[in-house]
Amino acid sequence: RHAHKSSCVTVARRSRTPTVCMAGRAGKWKAMELNDDIDEQRSKEMVNQKFQMGTNAPDVYQGDSRANLSKLADSGFYIAPAFLDKLTVHIAKNFVKLPKVKVPLILGIWGGKGQGKSFQTELAFAKLGINPITMSAGELESGNAGEPAKLVRQRYREAADIITKGQMCALFINDLDAGAGRMGGSTQYTVNNQMVNATLMNIADNPTNVQLPGVYQNDEIPRVPIVTTGNDFSTLYAPLIRDGRMEKFYWSPTREDRIGIACGIFQSDGVSRSDVETLVDTFPGQSIDFFGALRARVYDDKVREFISETGIENLGGRLVNSRQGKPQFSPPAMSIQILLNYGHMLTQEQDNVAQVQLSRAYLSGAELPGSDQAGLSKKEYRSASYTPPPASSAAPSYSSQSSEPSRYSSEPASYSPEPSRYSPEPSRYSPEPSRYSPEPSYTSEPASHDKDDAFYSW
């Protein structure tokens, strides 16, 4: 060791330059590398394996934004043939190269509320073996300007990375019109709404060149089909929904579709197809989610029995962090009569919401508590509560006997106000042309008077 040290010093003296002996510092850096390995091992034990990239990482990286729809593949739920055909054709057209054909990148599925647009889309994705990158309408607005548009680009590139690894993927945006549309004059149109529309337009025009803000690299990425759902796409920016960028599909399930979807909802309850047809025909104007809410309503009796057995005082300890686990319920009997009874109860609640509009009474009528003018408008309430004075009532006198001195006492009599002008005569409540027309005395003054005379004359 002394010989090695002396050789290093000799070389340094000969060269007259500071020389570092790397062999002498190898042990120091080796200890730091060992500490790094320990820290890395500790971090691997604390982080879930699916979020780690390396030798032990899974084949497919699944973050929070990617939906796992593998459980829906063999669920037995009904998929409408027209819905599956439209989505499958759109996905396939975006992955193939058609000669001199511009394929719209975005598929907009819109329709009435509760018709199963999102669930049918997830079933179709599961049928195709696609776990899409999902976004919701709440992510399209932020307190920071530009964040939602940046997030759309990040999610799009995340889906492109999955396609690069050899798996099909898509970008699925739920309720696009609720996050980027304008719902009338009462909805504020922010800069984030404008930038989200502009970003989607830019991605639809250049689907293979989507860059993050501040990054200007002309690298080509795979084309990612975008599927969106909504209730009314007329609220979106018109250039975004044109035919070259978005392909529209109006989803209105037929009777066969409604029966098939309802059979999938009641498949584990032993409800026959004939009973499901009776339900669908009894409630023809209801949406698809009505039957899901109907099935959940049948379990109310089971839950009441559980509450009575457990006791209201012990309910919190039984439901939260209980050693017995979550309570299990046996399937209730779902006969057609029970389903019809609960269905009529749900429709009655819907009718109450539509008919008993308390906001109209509270805001428009503005009646006081205890008054019997409920439901009247402002005009009707005022006309009902106002009683005009009798015609024989004496008019108040503005003579010199009043407590305050007269403002016009020092002026000529021609400029004093007339009692009929300020007294509430019956003609005040029924306007006459003479009431609102200017009197000749106000307009007949010549323009050549001096300033004081003209002022008092006016």
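Small disclaimer: the values here were computed from a predicted structure and weren't measured.

Tracing the chain through its elements places Ile133 in strand E2 (residues 133-135). Between the alpha carbons of Ile133 and Cys169 there is a distance of 7.4 Å; along the sequence they are 36 residues apart.

Among the six residues that make up strand E1 (residues 106-111), five are buried, leaving the element largely enclosed by the rest of the structure. Note: E1 against strand E4 (residues 226-230), five bridges, orientation parallel. The partner of Ile106 across the bridge, within E4, is Ile226. Relative to strand E5 (residues 246-251), E1 runs parallel, the two being bridged by six bridges. Paired with Gly111 across the two strands is Trp251, which belongs to E5.

Looking now at the nonpolar core. If you look at the biggest cluster of nonpolar residues, it comprises 31 residues, and the most contacted ones within it are Tyr156, Leu171, Ile173, Leu176 and Ile226. Filtering out sequence-adjacent residues up to four positions away, Leu176 remains in contact with Leu140, Gly181, Leu200, Thr228, Thr229, Leu236 and Met246. Counting residues in each nonpolar core, the second largest holds 21 residues, with Ile259, Val271, Leu279 and Phe283 among its members.

Right, let's get into the sheet that holds E4. Here we have five strands laid out as an open sheet, ordered E2-E3-E4-E1-E5, and parallel in their pairing. On the outer flanks of this sheet lie E2 and E5, each paired with one strand and no other. Taking each pair of neighbouring strands and ignoring which way they run, the sheet shows an average axis angle of 20 degrees. Helix H3 (residues 81-95) rests against E1, E4 and E5 of the sheet, and its axis sits at about 170 degrees to E5. Packed onto the sheet, helix H4 (residues 117-128) meets E1, strand E3 (171-173), E4 and E5 and runs at close to 155 degrees relative to E4.

Rules behind the numbers
Residues numbered from 1 in each chain as written. Predicted model: local features only at pLDDT ≥ 70, side-chain atom pairs only at ≥ 80, totals over all residues. Heavy atoms only, no water. Helix = DSSP H or I, 4+ residues; strand = E, 2+ residues; numbered from the N terminus. Buried < 20%, exposed > 50% of the residue type's maximum accessible area, 1.4 Å probe, protein only. Pairing = 2+ DSSP bridges. Core = buried A, V, L, I, M, F, W, Y, C linked by side-chain atoms within 4.5 Å. Contact = heavy atoms within 4.5 Å. Axes fitted to C-alpha atoms, helices over the stretch in contact; angles between N-to-C directions.

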